[in-house]
Amino acid sequence: MVFSSLLNLNFTMTEPASLTAYVAQFVIGTRASAIPAAVMHLGKRSILDGIGLALAGNAAESGRIVRTYLKSLGIPTGKGATVIGSSMKVPARFAAFANGIAIHADDYDDTQLAVAKDRVYGLLTHPTAPALPPVLALGEIGNRSGLDVLAAYQVAVEAETKICEAINPRHYDHGFHSTATIGAITAAAGAARMMGLNLEQTRRALGIGASQAAGLRENFGTMTKPFHPGRSCESGIVAADFAKAGWTATPIVLEAGRGFFKAAGGGYDPAAIEGKLGNPWTFAFPGVSIKPHPSGSLTHPGMGLMLDLIHQHDIRPDQVVKVKVGTNRHMPNALIHHRPKNELQAKFSMEFCMAILLLERKAGLAEFTDKIVNSPKVRQMIEKIEFGVHPVAEAAGYEKMTTIIDIELGDGRKIGGRADFGKGSPTNPMSDAELAAKFHECAAWGKLPKASADKVVDRVFNLEKLKSIRELTHLLTRKS
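Computed from a prediction, not measured in an experiment: that's the story for all the values here. (Residues numbered from 1 in each chain as written. Predicted model: local features only at pLDDT ≥ 70, side-chain atom pairs only at ≥ 80, totals over all residues. Heavy atoms only, no water.)

Chemist: An account of the nonpolar core is requested, with residue identities and associated values reported.
Modeler: Where a protein is soluble and globular, its nonpolar side chains tend to be buried together. Membership of the largest hydrophobic core comes to 106 residues, with the highest contact counts inside it found for Val 23, Ile 51, Leu 254, Phe 260, Phe 439 and Val 456. In terms of residue count, the dominant contributor to this core is helix H6 (residues 146–166) (12 residues). Setting aside chain neighbours within four positions, we find Phe 439 in contact with Leu 48, Ile 51, Gly 52, Leu 55, Ala 453, Val 456 and Val 457. Core analysis: the next-biggest nonpolar cluster, separate from the first, contains 41 residues, Ile 310, Ala 334, Phe 352 and Ala 355 among them. (Core = buried A, V, L, I, M, F, W, Y, C linked by side-chain atoms within 4.5 Å. Buried < 20%, exposed > 50% of the residue type's maximum accessible area, 1.4 Å probe, protein only. Helix = DSSP H or I, 4+ residues; strand = E, 2+ residues; numbered from the N terminus. Contact = heavy atoms within 4.5 Å.)

Chemist: Go over the sheet that holds strand S7 (residues 403–409), please, and point to the residues and values.
Modeler: Working definition: the strands of a sheet are paired by backbone hydrogen bonds and lie parallel or antiparallel to each other. In spatial order, the strands read S6-S5-S7-S8; together these four strands make up an open sheet with mixed pairing. For this open sheet the edge positions go to strand S6 (385–389) and strand S8 (414–419), each flanked by a neighbour on one side alone. Across this sheet, the average inter-strand angle for adjacent strands is 15°, counted without regard to direction. Sheet topology places strand S5 (residues 320–327) next to S7; six bridges connect them, and they run antiparallel. (Pairing = 2+ DSSP bridges. Axes fitted to C-alpha atoms, helices over the stretch in contact; angles between N-to-C directions.)

Chemist: Break down the environment of Tyr 153 for me, citing the residues and quoting the values.
Modeler: Among the secondary structure elements, Tyr 153 is positioned in helix H6. What makes Tyr 153 buried here is its relative accessible area of 0%. When the C-alpha positions of Tyr 153 and Lys 44 are compared, they lie 9.6 Å apart, and in sequence the two are 109 residues distant. Apart from the residues lying within four places of it in its own chain, the contact partners of Tyr 153 are Gly 43, Ser 46, Ile 47, Asp 110, Thr 128, Ala 131, Leu 132, Val 135 and Phe 283.

Chemist: Now, about helix H2 (residues 37–57): what can you tell me, with residues and values included?
Modeler: Between its terminal C-alpha atoms H2 stretches 30 Å, which fits the 30 Å expected from 21 residues at 1.5 Å a residue. Among the 21 residues of H2, 17 are classified as buried, and the element is accordingly described as predominantly covered. (Expected span 1.5 Å × (residues − 1).)

Chemist: Tell me about the state of the cysteines, residues and numbers included.
Modeler: Taken as a whole and judged by the stated rule, the model has zero disulfides. Not part of a disulfide, Cys 164 finds its nearest cysteine sulfur in Cys 233, a span of 14 Å. A relative accessible area of 3% places Cys 164 in the buried class. Cys 233 gets classed as buried once you look at its relative accessible area, which sits at 0%. (Disulfide = S-S within 2.5 Å.)

Read these as geometric descriptors, not functional statements.
In structure tokens form, the structure reads like this:
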């Protein structure tokens, strides 16, 4: 293998270039000053989004269960790192576990775009859920600067997204959840950076993290889906802890014949990762989407299109006779709940997402509740919606989320349209003000006082200026 810009790797004359070493050196050797300012800003946007989602997610039933579980362990709950949205402080691994679950609890978190046409957009990874909690927890415990945390987050996300782009799509198609599996490697990378591990230790940390990689898509629509990044966050810190202590692991876990890429995906595309870390940064190209709705990202182009059609034609619920929604074949493979019975299933139901917009003209946290999902009017509207594969959408390429909608109204009108991407994608991004509004929605859902929420927005957008990350994390607690 030949890598461009090997970042001064110290190989012996007999040692072949190693992909794992390339990733490890990038993680620990990239200077904060080398990260472009525009990339730093995009990262801060996703960090703000992630913190807001942790506030909302820890208010969910899953958050209550996690806090009860942590208390049952008998560990001190007044010292350590913050469980966001609570009064608890616990060892870093457990704070990262809780906050990783919370960020993903509402399926409202950011999503990686794909580059190659066979790498499915929306099915790569949710970058922030496994990347932010470990570096934030370790930064708080170590009293590190905002810049330290921001840089560690950036290199972890970059490694994560390039690994996701490289692995054979079979990995996801056959049932693995990449936010969980590759998330364990991501978290190990971020933790290694924060702990100051050297090259050898970081390679071993990646090896330990990869051996903990797990998570199955069959659990979509249950609490176990957000459990995936939470467990990955904890696994990453454990991996770095053990590597620092001298624990051994393979130093070539990514590229080895029995390593992660081969075992988990059947192979990988070297051109998608070799020499590509920070060249370009994924935040710069192809970008990362921030969600406008708390549902699977594959629903979002259709949701945006449906809202546009509703407003353009003033469609009322009683006018709707039938709605057909067509996509490529990968999207029904993830949006598996056609008749959802609870809010978690509704997040992976194209039928519910269309129905709630036709009924309420909005779909935020308040619309995704068990009560609304099971209401008679929602059930009746869902029966009017047909979701499946459309040949035009299938031919458009998997790096898009092409969605085609055809609506038949009672007065004989037929209305339709097509969308490839949704609001929040790099082609139609949220402004900083819109992102802040989403953060305030999540913060209010998590009962964080508005004054504290205002300060959080300001401090995240000025993260690199914070002498201590504790200037931010102390704002994220509240009385239980």
